[in-house]
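Residue strings, one per chain:
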Protein chains: 2
Amino acid sequence: MTASVARADNRPSPRKRAGNGAAARDAADGVGLDALAGHAGYAVRRFQIWIFQDFIKTLGEVDIRPTQYSVLTVIGANPGLSQMAVAKRLGIERARLVHLLDSLEQRKLVKRIKSKTDRRSHALHLTAQGETALAKFKRLAAEHERHVEAKIGRENRQHLLRILADFT
Amino acid sequence: MTASVARADNRPSPRKRAGNGAAARDAADGVGLDALAGHAGYAVRRFQIWIFQDFIKTLGEVDIRPTQYSVLTVIGANPGLSQMAVAKRLGIERARLVHLLDSLEQRKLVKRIKSKTDRRSHALHLTAQGETALAKFKRLAAEHERHVEAKIGRENRQHLLRILADFT
DNA sequence: GGCAATTGTTGTCGTCAACAACAATCTTTC
DNA sequence: GAAAGATTGTTGTTGACGACAACAATTGCC
């Protein structure tokens, strides 16, 4: 709403490559990025921000953020995992996972069950409500994924997933 | 587990797909990610974290973080830009840019010059010290970029840059 | 039995995106 | 030319997130 309406979102950007040393002026505002264009990290960061914003927006009606979704997905696929295992798998601090689970448990999507074999740890499970909710989340996430496809192209997305498979 | 020179960069990840319904157990801990593996956002996020950590570490000796580097690069390539223009170009909140510039100005890398034509805005320039410093930063950033190449492969990085060119 | 390691938890700190509000300064409009 | 509206830089707040440190309860090791 606040932001100016203008700005065509469609950025073809076939960036033909200017000569070489010349400061390649960028289409958007006539501001050149120069060296920045050659940095993978910059492109990845901008892309990641775009993806997350679309994810948050697409799953907005159910109020689920990317991290929450990843937690629910892992628990759904591996019931009974400990918090430590989930945290390690997702690369989340176990301290942070505590708050995430507090929230998800309050919403009755997840339950912590005291482990009999190791009384320190909790076995994580989805509630029945959590199962059906996750099913809906997955449908919305698939919709989000189609947005990604529409943005970068079908086979580009495929190739991207292949390139980054090791980080999954 | 810090450096991990790991030559195993070439992991085409032929994750050929286990059967179908079976929870494809992942190598790491035997914890399946299931649906998460098909989400571009998850892979991109993990990759972005890896990239930033390597960037921060590689540019650690000069204490420059990715965002600071991007700001310096844009100002270096386009001297005289206003804060608003830089913020818009990099997708940074102008509120946030204020603190970034405060820091960079304290370190005598950047200077804000009152614009004569528009007394609201500041024209941003690198100091002489900032110029030479940026040259060094760029060398270190190039080294970081080589780390990325070593991690995902040369042509994979190229392809990645091409796929995400619109976000640059 | 004693000591180190692990698990969940609490708390702090710093980064970062998203807003809101404000003073100073253009810009537009009447 | 003055009033109304928009823009620029600034300050402050909020909330998500990663990195640590410390702690109690529990387990594993010797």
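Structure: above.
Residues numbered from 1 in each chain as written. Chains lettered and ligands numbered in written order. Predicted model: local features only at pLDDT ≥ 70, side-chain atom pairs only at ≥ 80, totals over all residues. Heavy atoms only, no water.

Asks: Just to check I follow, could you spell out the protein's contact with DNA strand C for this structure?
Replies: In the vicinity of DNA strand C, 23 residues are found, and the nearest of them are A:Gln53, A:Met84, A:Arg112, A:Arg120 and B:Arg96. Looking at DNA strand C alone, sugar and phosphate atoms form 64% of those within 4 Å of the protein. B:Arg96 is positioned with one of its side-chain polar atoms (N or O) 2.4 Å from a phosphate oxygen of DNA strand C. Broken down by secondary-structure element, the contributors of at least two residues to the surface near DNA strand C are α1 (40–58), α3 (83–90) and α4 (94–106) of chain A together with α4 (94–106) of chain B. (Near = heavy atom within 4 Å. Polar contact = N/O pair within 3.5 Å; in protein donor to acceptor, adjacent residues only side chain to side chain. Helix = DSSP H or I, 4+ residues; strand = E, 2+ residues; numbered from the N terminus.)

Asks: Looking at this model, I keep getting lost on the protein's contact with DNA strand D. Mind explaining?
Replies: Taken together, the neighbourhood of DNA strand D is formed by 21 residues, with A:Arg65, A:Arg96, B:Met84, B:Arg112 and B:Arg120 sitting nearest. Close to the protein, within 4 Å, the atoms of DNA strand D belong to sugar or phosphate groups at a rate of 67%. A distance of 2.3 Å separates a phosphate oxygen of DNA strand D from a polar side-chain atom of A:Arg96. B:Gln83 is positioned with one of its backbone polar atoms (N or O) 3.0 Å from a phosphate oxygen of DNA strand D. Residues belonging to the surface near DNA strand D are distributed by class as follows: 4 nonpolar, 6 polar and 11 charged. (Nonpolar A, V, L, I, M, F, W, Y, C, P; charged D, E, K, R; others polar.)

Asks: I keep staring at the packing of aromatic side chains and nothing clicks. Help me out?
Replies: For any pair of aromatic rings, geometry is given as the distance between the ring centres together with the angle between the planes. Under the defined criterion, the tally for this structure stands at 7 aromatic pairs over all chains. Centre to centre, the rings of A:Trp50 and B:Phe167 are 6.0 Å apart; their planes meet at 65°, and the pair counts as edge-to-face. Here A:Trp50 is found in helix α1, whereas its partner B:Phe167 is found in the segment after α6 (154–163) on a different chain. Connected via pairs of aromatic rings, a cluster forms that spans A:Phe47, A:Trp50 and B:Phe167. (Phe/Tyr/Trp six-rings, centres within 6.5 Å; stacked < 30°, edge-to-face > 60°.)

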